[in-house]
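Residues per chain, in single letters:
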Amino acid sequence: MLIPSGLFNNDSIGLAEHQEATAVGAISSLMKSDYITSTHRGHGHCVSKGLFALYQMNEDELNKFIESAKTNLFDTDQYDNLLEAAVDYHLFRTMAELIGKEEGYCRGRGGGMHIADFSVGNMGANAIVGGSFGIATGAAFTIAHYGQEKIILCCVGDGSMNNGIAHEAMNFATMAQFKKGLPVVYFVENNQYGYTGQQKGEVTGIELLAKRGCAYNDVSMHAESICGMNVLSVREAVRRARELCIKGEGPVLIEANEIDSNYKTKQILRNPRKYPRNNEGKILARHAVTEALIEEMMRDKRVVLWGEDISEHGGAFSATLGLYDIFGAQRIFNTAISEAAIIGTGVGAAMTGLRPVVEIMFIDFILQAMDQVGNQAAKARFMFGGQYSIPLTIRTTIGGGKGYAGQHSQSLESVLTHFPGLKVVIPSNAYDMKGLLKTAIRDDNPVIFIEHQWVYLEKAVVPEREEYLIPFGEARVVKEGRDITVVAYSHMVSQHIQAVLPATFLMKLLVIVFTT
Ligand SMILES: Cc1ncc(C[n+]2csc(CCOP(=O)(O)OP(=O)(O)O)c2C)c(N)n1
Ligand SMILES: [Mg+2]
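Residues numbered from 1 in each chain as written. Chains lettered and ligands numbered in written order. Predicted model: local features only at pLDDT ≥ 70, side-chain atom pairs only at ≥ 80, totals over all residues. Heavy atoms only, no water.

> Describe in detail the overall build of the protein, supporting the description with residues and values.
When helices and strands are tallied, the protein shows 16 helices and 19 strands. Taking 2.2 N^0.38 as the reference for a compact globule, 516 residues should give roughly 24 Å; the C-alpha atoms of the protein span a radius of gyration of 26 Å, in line with that estimate. In terms of principal-axis extent, the alpha carbons of the protein reach across some 75 × 60 × 40 Å. Of all 516 residues assigned to the protein, the portion counted as buried reaches 53%. (Helix = DSSP H or I, 4+ residues; strand = E, 2+ residues; numbered from the N terminus. Rg over C-alpha atoms; globule rule 2.2 N^0.38 Å. Buried < 20%, exposed > 50% of the residue type's maximum accessible area, 1.4 Å probe, protein only.)

Below you can see the structure in the form of structure tokens.
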């Protein structure tokens, strides 16, 4: 291996402060032809894979690597040293991608969460937690199929280990029909948190994730738990894992432990409160959601909430912030990053006496759970001849509008409306958010309740004292006119109002705030 001498020196390298040791240590043990897949935080993997591949390249290969430099407006003339030019060009293209520039590795289309450079075997970061498990395992199959002498390092977070695809992919890699195990190293960067859900003591039942390796085949997949803060132990473990894979004894599961945290024990029960209105009586729509949840949880103890990071942290958009302090862990809890389980368990709990409100952080992730949505939640009441009702509310969000690229910016509501048995509700303002969410929770059918991330930040008058519910299925006429009818929902309602109000002619503006 052509690692520059002096780069790894036992005397000079101590413990890493954060997660640097995993990306650097693991990838330093790969050959340039090896592949990697990466996580939603793939910057370090990208830098590292490119760097170590470049160090192993000969002059022709380096020249080929920088041949696109001119097109990408990178000046190589200032360099005497070819390797130095290539390294800087690599960092330049990485940075350009992170900020969405045409000169980036994916021409700015991927951005930070989807960065890839196939020319050095970086098969890409993935913004879907666990999204790379299948891809990496498939690549390992190609390697085995062609008898190539290389491996793939599948970098994932601890959070991804509870996603269905993790288990399905690891089972695939160890199927008895493959005479040799697939050459993939599942490399779990265990910083103990999947966002805020804690691996130990909260969202899994085990201390060491590596333990799971023993279950996949009779010879027990080689698995080990190592210190992920020490670049040398990471490097050594991946070197050994690579050797096993090359000998046909893969796959290997490595758990690199990054932080040893104490888990939280906070359990405070507080009195609920109304959000203070401004002098026009307005509150933010996300507070209207919180108020609706508080009121329904107070009214009906069968209302229980679960989802990713919704407990103390209050969810990615703070819509459930404070509920844990009021209701405690019996009524609101974090799950693992397991969308199928979040919705599937919601269906079962709804059939048997609870009124669950489960959360899918971004609508994009509901695709992970479509069987649970389309075949289970939507169908159960009909299929079982009406023996069950399914009072399940699935809250989710759309509308990033922040350049979040392909896997965080979709508006999939139209897909969901195709399933008979589901109600799809998309409010356009704070007042409707509250009234419709309360109706959703009281409905005996599964309701997908879609909250727009921009609407969250808009204020509207929401009555402070009197309770109100808004029935499903009725459109609201926002402004009457004569010539044109505009139908809109969600954030587009306020956009249309802004467009229409300055117009001098009268328009008929029909606003549908939800569909059923
Ligand atoms: C399928 C899916 N569910 C939820 C999310 C939202 N999300 C982004 S990062 C993250 C936490 C990931 O935890 P882990 O895999 O341990 O990676 P870490 O950030 O700790 O390295 C979550 C829940 C997502 N991107 N994809
Ligand atoms: Mg983690």
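More follows now that the structure is in view.
> I'd love a proper account of the coordination of the magnesium ion (ligand 2), names of residues and values included.
Within the protein, Asp 158 (OD), Asn 191 (OD1) and Tyr 193 (O) serve as the donor atoms for the magnesium ion (ligand 2), at 2.0 to 2.1 Å. Along the chain, the residues donating to the magnesium ion (ligand 2) are arranged with the sequence spacing D-x32-N-x1-Y. Taken together, the residues Asp 158 in the loop between strand 2 (152-157) and helix 6 (164-173) and Asn 191 in the loop between strand 3 (184-190) and strand 4 (193-194) connect sequence positions 33 residues apart. Of the residues examined, Asp 158 reaches a relative accessible area of 2% and is grouped as buried. Classification of Asn 191 by relative accessible area gives buried; the value is 12%. (Donors = N, O, S within 2.8 Å, 3.2 Å for Na, K, Ca; no water.)

> How would you sum up unusual backbone geometry? Please name residues and give values.
Residue Pro 251 follows Gly 250 across a cis peptide bond; omega there is -5°. Here Pro 251 shows up in the loop between helix 8 (231-246) and strand 7 (252-257). In this structure, Tyr 195 is a non-glycine residue whose phi angle is positive, near 65°. Structurally, Tyr 195 can be placed in the loop between strand 4 and strand 5 (197-198). One non-glycine residue with positive phi stands out, namely Ser 490, at about 55°. Tracing the backbone shows Ser 490 in the loop between strand 17 (485-488) and helix 16 (491-500).

> Run through the site of ligand 1, naming residues and quoting values.
Inspection of the region around ligand 1 gives 21 residues, with Arg 41, Ala 127, Gly 159, Tyr 193 and Glu 339 positioned closest. Take Arg 41: an N or O atom from its side chain is 2.4 Å from an oxygen atom of ligand 1. Protein burial of ligand 1: of its 580 Å² of free accessible surface, 92% is covered by the chains. In the shell around ligand 1, the residues fall into eight nonpolar, eight polar and five charged. (Near = heavy atom within 4 Å. Polar contact = N/O pair within 3.5 Å; in protein donor to acceptor, adjacent residues only side chain to side chain. Areas by Shrake-Rupley, 256 points an atom, 1.4 Å probe, with all protein chains shown as cover. Nonpolar A, V, L, I, M, F, W, Y, C, P; charged D, E, K, R; others polar.)

> Outline the pattern of salt bridges, listing residues and values.
Counted according to the given criterion, the structure contains 26 salt bridges. Among the salt bridges present, the one from Glu 61 reaches Lys 32, with a minimum N-O distance of 3.4 Å. Placement of the pair is Glu 61 in helix 3 (residues 59-65) and Lys 32 in the loop between helix 1 (20-28) and strand 1 (35-37), with a sequence separation of 29 residues. Judged by its relative accessible area of 29%, Glu 61 falls in the partly exposed class. (Salt bridge = Lys/Arg side-chain N within 4 Å of Asp/Glu carboxyl O.)

> How would you summarise the packing of aromatic side chains if you had to cite specific residues and measurements?
Scanning the entire structure with this criterion turns up 15 aromatic pairs. Aromatic pair Phe 141 and Phe 178: ring centres 5.6 Å apart, planes at 40°, arrangement tilted. Of this pair, Phe 141 sits in helix 5 (residues 132-146) while Phe 178 sits in the loop between helix 6 and strand 3, and the two are 37 residues apart along the sequence. Among the aromatic residues, those joined into a ring-pair cluster are Phe 65, Phe 74, Tyr 79, Tyr 89 and Phe 92. (Phe/Tyr/Trp six-rings, centres within 6.5 Å; stacked < 30°, edge-to-face > 60°.)

> Could you give me a rundown of the pairing of strand 7, with the residues and numbers involved?
Strand residues, when the strand is regular, have side chains that alternate between the two faces of the sheet. Most of strand 7 is tucked away: six of the six residues are buried. Covered by surrounding structure in strand 7 are Val 252, Ile 254 and Ala 256 together with Leu 253, Glu 255 and Asn 257, the residues of both alternating faces. As defined by bridge partners, strand 6 (residues 222-227) adjoins strand 7 across six bridges and the pair is classed as parallel. By the bridge assignment for strand 7, Glu 224 is matched with Ile 254. (Pairing = 2+ DSSP bridges.)

> Residue-level account of the sheet that holds strand 2, with values.
If you walk across this open sheet you meet the five strands as 1-2-3-7-6, and the pairing is parallel. Each of the sheet's edge strands pairs with one partner strand only, and the pair in question is strand 1 and strand 6. Here the strands of the sheet are splayed against their neighbours by 20° on average, with no regard to which way each runs. Its contacts with the sheet place helix 1 against strand 1, strand 2, strand 3 and strand 7, and it is angled at close to 160° to strand 3. Across the sheet, helix 8 lies against strand 2, strand 3, strand 6 and strand 7, angled at about 170° from strand 6, the strand it touches most. (Axes fitted to C-alpha atoms, helices over the stretch in contact; angles between N-to-C directions. Contact = heavy atoms within 4.5 Å.)

> How would you sum up a nonpolar patch on the surface? Please name residues and give values.
Taken together, Phe 382, Met 383, Phe 384 and Tyr 388 make up a surface patch of nonpolar side chains, about 460 Å² in accessible area. Assignment of secondary structure puts Tyr 388 in the loop between helix 13 (380-383) and strand 12 (393-398). Residue classification places Tyr 388 among the partly exposed residues on the basis of a relative accessible area of 32%. (Patch = residues over 30% accessible without salt bridge, like charges linked within 9 Å, V, L, I, M, F, W, Y side chains within 5 Å.)

> Please give an account of the nonpolar core that cites residues and values.
One finds Leu 305, Ile 366 and Leu 416 to be the most contacted residues of the largest nonpolar core, which totals 68 residues. With seven residues, the single largest contributor to this core is helix 9 (residues 285-299). With residues up to four places along the chain from it excluded, the contact list for Leu 416 reads Ile 363, Ile 366, Met 370, Val 373, Leu 422, Val 424, Ile 448 and Ile 450. Among the nonpolar cores identified, the runner-up in size contains 22 residues, and Phe 133, Cys 154, Ala 166 and Leu 253 belong to it. (Core = buried A, V, L, I, M, F, W, Y, C linked by side-chain atoms within 4.5 Å.)

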